Amino acid sequence: MKFLKLLTYTLFVVLIVSPISCADTLIGDEGALDEDVYLNYQTLTTLELPFEEEWFAVNAGRTHGDGAHHFVSRSERYAYDLLIVQNRRSYSGDGSKNEDYFCFGKRLNAPGDGKVVAIESSVEDNEPGTVNRTQVGNYVIIDHLNGETSILAHLKKGSIIVAVGDMVTRGQEIGQAGNSGASTEPHLHYHLQQTSEPLREGLGLPAQFLNYYEDDVFVERSEPVKGQRVRKN
């Protein structure tokens, strides 16, 4: 567990990151990926942060360096990775068990109103430091019925309490944070996209959340970025 002991406030979650290296610039500066249309995209769905308590944004933002998902798939390019940090650590003890991690088993909520169109709840949680290449692991997919769909992934096995076809409301509990799929430690992966199919190359969309705190500063509407502490109002 020497590797885990070295992980601190910076990036320590790996989601099949491409080895491509690039400058910290906005995607679409050269128009190569149709990003010029979406750099100024305004989220249609009324979204709130999908968790209780204060979480830390490991990966978040529209730049290559902040987002870290831009080369994973078109659907994940604006994805968020979030977990709970206390005293610059994401776990207590030696970090050898999922239960050592502060976010493991924490309540996750629907970020907005919509219909549950797909779930997976049977994937085993990884041991910290290992990765199951089943990319999304356990997940809940919520179609907001307006051309936007939310995907919450890497949930804890057996924790999902909604079913396909359920209509959910913003803030409703849907499951618990876990460590399933392409995840080296417990965290939440969240992204917004145009399609409700989890593995299709749909177009990822920027997701703005309403009425929350960024590093203790209240914002009415914004997008968390890497390194911020965020919590609901």
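These numbers were taken from a predicted model, which means no experiment stands behind them.

Thresholds applied
- Residues numbered from 1 in each chain as written.
- Predicted model: local features only at pLDDT ≥ 70, side-chain atom pairs only at ≥ 80, totals over all residues.
- Heavy atoms only, no water.
- Buried < 20%, exposed > 50% of the residue type's maximum accessible area, 1.4 Å probe, protein only.
- Helix = DSSP H or I, 4+ residues; strand = E, 2+ residues; numbered from the N terminus.
- Pairing = 2+ DSSP bridges.

(A) A look at the pairing of strand β6 (residues 149-155). A large share of β6 lies buried, amounting to seven of its seven residues. Pairing geometry for strand β5 (residues 138-143) and β6, over six bridges, is antiparallel. In the sheet register, Y139 faces β6, and the bridge partner there is A153. Where β5 folds back on β6, the antiparallel hairpin that results is connected by five residues, among which L145 adopts a positive phi of roughly 65°.

(B) Region of interest: the pairing of strand β9 (residues 188-193). With respect to burial, β9 is a largely interior element, six of its six residues being buried. In this sheet, β9 lies alongside strand β2 (residues 80-83) in antiparallel orientation, the contact comprising three bridges. Each residue of the ladder has a partner; that of L82, found in β9, is L188. Bridge analysis of β6 against β9 gives five bridges, and the strand direction is antiparallel. Following the sheet pairing, L152 is matched in β9 by Y190. Pairing between β9 and strand β10 (residues 204-205): two bridges, direction antiparallel. Bridge pairing in β10 places L192 opposite L205.

It is worth stressing that arrangement in space is one thing and function is another; only the former is reported here.
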